[in-house]
Amino acid sequence: MHTYSEIPDTMKTKRFIPFGRHLWRMYQELGLDYYEEAIAEFSTEFVYDLLKLRLDESIRTAKAVIDGSLKNPDKVLSYLLFPPILPIRGDLSQGSLKLIYGESCDLTFVVVNDIDQEVIGLLNGHCEDGVPVDWWLVGPEDEILERRHLKYGLKLREMTSKTKGLFKAGERLIDVLKDVRNERSPQWSDSSYIICMVWISGIINLMGEASNYEQFAWIHDGINAKNLGLPDNYFGYIPWPPMLNAFMLAGRNKWTLGLTGITTEHKMYLMALEEDGVKWVVENFPELWEHAVAIPRQEGVPYPWQTLDRKLPNYKKKSTYEREQFSYDFPKGDWITPDSLGMTVEETCAGIYLDIDHQTPKNIKATSSHIISKGIGINTEFV
């Protein structure tokens, strides 16, 4: 079992490793060397292939909803273009994205490696009138990351390692990245432009969260991390979209309910993991599959009311780190397990849309009768 003290103080995100409950468990079991090796592999071909599947599926689903060829769009989930990890229902996608991002918008995710603090990737998505229409991806070896800022002289990839503060670096990166956006898609050079700064460890923990409620709640924890006692926020937008900023300021529960409301009408979704992606992880990093997916899903997923009522560790206390008191305190009660749904862990990875929300009585337990649909995108199976 690996301990917090083993993480070198030179790692800027050291105090964030216990901030995500899945990331912390993975680190305890597998250690930092394993984590570093996994990042190196995930940041190359695997990530590109996975994102390509998700982004293409999001655009395909949006087109099918608009042209009317998709049956029961109120039962079909796809991925948000911003980012392609979170879920959104087909019939809600256009209105919600337009509400958040406006008429025409580009959003670039700047992915930063925790180990060397350098930019290892860019993911850009474009929406027109709330409809995802285009995306592009820059990998760790792309020459674009070698481009220098005209004023500061720093390469794009090293801006985050040589600037004090992730978001200060982000403010400097905007000048360069907007030029990149305009070169790659000049037809949208007048569109609004936002970047999102993210550490790859944050993405890893987010992908470990098995429900939309847990994902949205933990995102609020990350963007509010500094107020919770961490040295900085874990991720965030530059500039903030006004609607998301209002949700953020309203508090964790209103943020979670606001975003689950406009994406799934508050209904719970057990997150999908693509079959090819699962196969790749099982073959190349079986220990990661076990500790990041298999064991957590087998143990179960909190009900929405438990997500909303959970208590976080006190990250402001030095003793929290000294004693490794990083447990998340959920209200007592059963969780939703594959067994309770009459499924295997692998079957839940298809993506399960449930008729369960934050107002479902606490004595009601999820069973197969609560399943609305299985899958994600245009090949969703209705129950």
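Residues numbered from 1 in each chain as written. Predicted model: local features only at pLDDT ≥ 70, side-chain atom pairs only at ≥ 80, totals over all residues. Heavy atoms only, no water.

### Section: the overall build of the protein
A count of helices and strands for the protein gives twelve helices and eleven strands. Over its C-alpha atoms the protein spans a radius of gyration of 20 Å, differing by no more than 12% from the 21 Å that the globule rule assigns to 383 residues. Burial statistics for the protein: of 383 residues in total, 58% are counted as buried. In the protein, 68% of the contacts between residues at least 6 apart in sequence involve partners at least 24 apart. (Helix = DSSP H or I, 4+ residues; strand = E, 2+ residues; numbered from the N terminus. Rg over C-alpha atoms; globule rule 2.2 N^0.38 Å. Buried < 20%, exposed > 50% of the residue type's maximum accessible area, 1.4 Å probe, protein only. Contact = heavy atoms within 4.5 Å.)

### Details of the sheet that holds strand β9 (residues 352-354)
Taken in spatial order, the four strands line up as β8-β9-β10-β11 in an open sheet, and their pairing is antiparallel. Each edge of the open sheet is held by one strand with a lone partner, namely β8 (268-270) and β11 (381-382). As judged from the three bridges shared by β8 and β9, these two strands associate in the antiparallel manner. By the bridge assignment for β9, M268 is matched with L354. (Pairing = 2+ DSSP bridges.)

### Remarks on the sheet that holds strand β7 (residues 235-238)
In a beta sheet, neighbouring strands pair by backbone hydrogen bonds and run either parallel or antiparallel. Spatially, β5-β4-β3-β6-β7 is the arrangement adopted by the five strands of the open sheet, whose pairing is mixed. What marks the edges here is a single partner per strand, and that holds for β5 (131-138) and β7. Averaged over all adjacent pairs, the angle separating strand axes in this sheet is 20 degrees, with direction ignored. Where strand β3 (residues 104-112) and strand β6 (residues 192-199) come together, eight bridges link them in parallel fashion. Residue V111 lies in a different strand from β6, and its bridge partner there is V198. Sheet strands in contact with helix α3 (residues 166-184) are β3, β4 (119-128), β5, β6 and β7, and its direction is about 130 degrees off that of β6. Sitting on the sheet, helix α4 (residues 200-208) touches β3, β4, β6 and β7, and the angle it makes with β6 is about 85 degrees. (Axes fitted to C-alpha atoms, helices over the stretch in contact; angles between N-to-C directions.)

### Section: the side chain of T256
Tracing the chain through its elements places T256 in helix α7 (residues 252-264). By relative accessible area, T256 is classed as buried at 0%. If near-sequence neighbours (up to four positions away) are discounted, T256 is found in contact with Y213, F216, A217 and L308.

### Considerations on the packing of α4 against helix α5 (residues 212-223)
The contact between α4 and α5 brings their axes to 9 Å, and the two run at 150 degrees. The pairing of α4 with α5 is recorded here as roughly antiparallel in orientation. As α4 packs across α5, the resulting crossing turns out to be right-handed. When α4 is examined against α5, the residues G202, N205, L206 and M207 are found in contact with a partner set consisting of Q215, W218 and I219. Of the residues contributing to the contact of α4 with α5, the split by class is four nonpolar, three polar and no charged. (Parallel < 35°, antiparallel > 145°, perpendicular 65-115°, else oblique. Left-handed = near helix turned anticlockwise from the far one by under 90°. Nonpolar A, V, L, I, M, F, W, Y, C, P; charged D, E, K, R; others polar.)

### Here's the deal with the nonpolar core
Among the nonpolar cores identified, the biggest contains 81 residues, and Y101, L122, L156, M197 and W255 are the most heavily contacted of them. The dominant element in this core, judged by the number of residues it contributes, is helix α1 (residues 21-67), at nine residues. Formed by 16 residues, the second largest nonpolar core is a distinct cluster that contains L30, V278, L288 and V293. (Core = buried A, V, L, I, M, F, W, Y, C linked by side-chain atoms within 4.5 Å.)

### Digging into unusual backbone geometry
The omega torsion across I238 and P239 is -10 degrees, close enough to zero to call that bond cis. The residue P239 is located in the loop between β7 and α6 (242-249) in this model. One non-glycine residue, D129, adopts positive backbone phi at about 55 degrees. Its location among the elements puts D129 in the loop between β4 and β5. Of note in this structure, E324 is not a glycine but carries a positive phi near 55 degrees. Along the chain, the position of E324 falls in the loop between α11 (318-322) and α12 (345-348). Accessibility expressed as a relative area gives 26% for E324, which makes it partly exposed.

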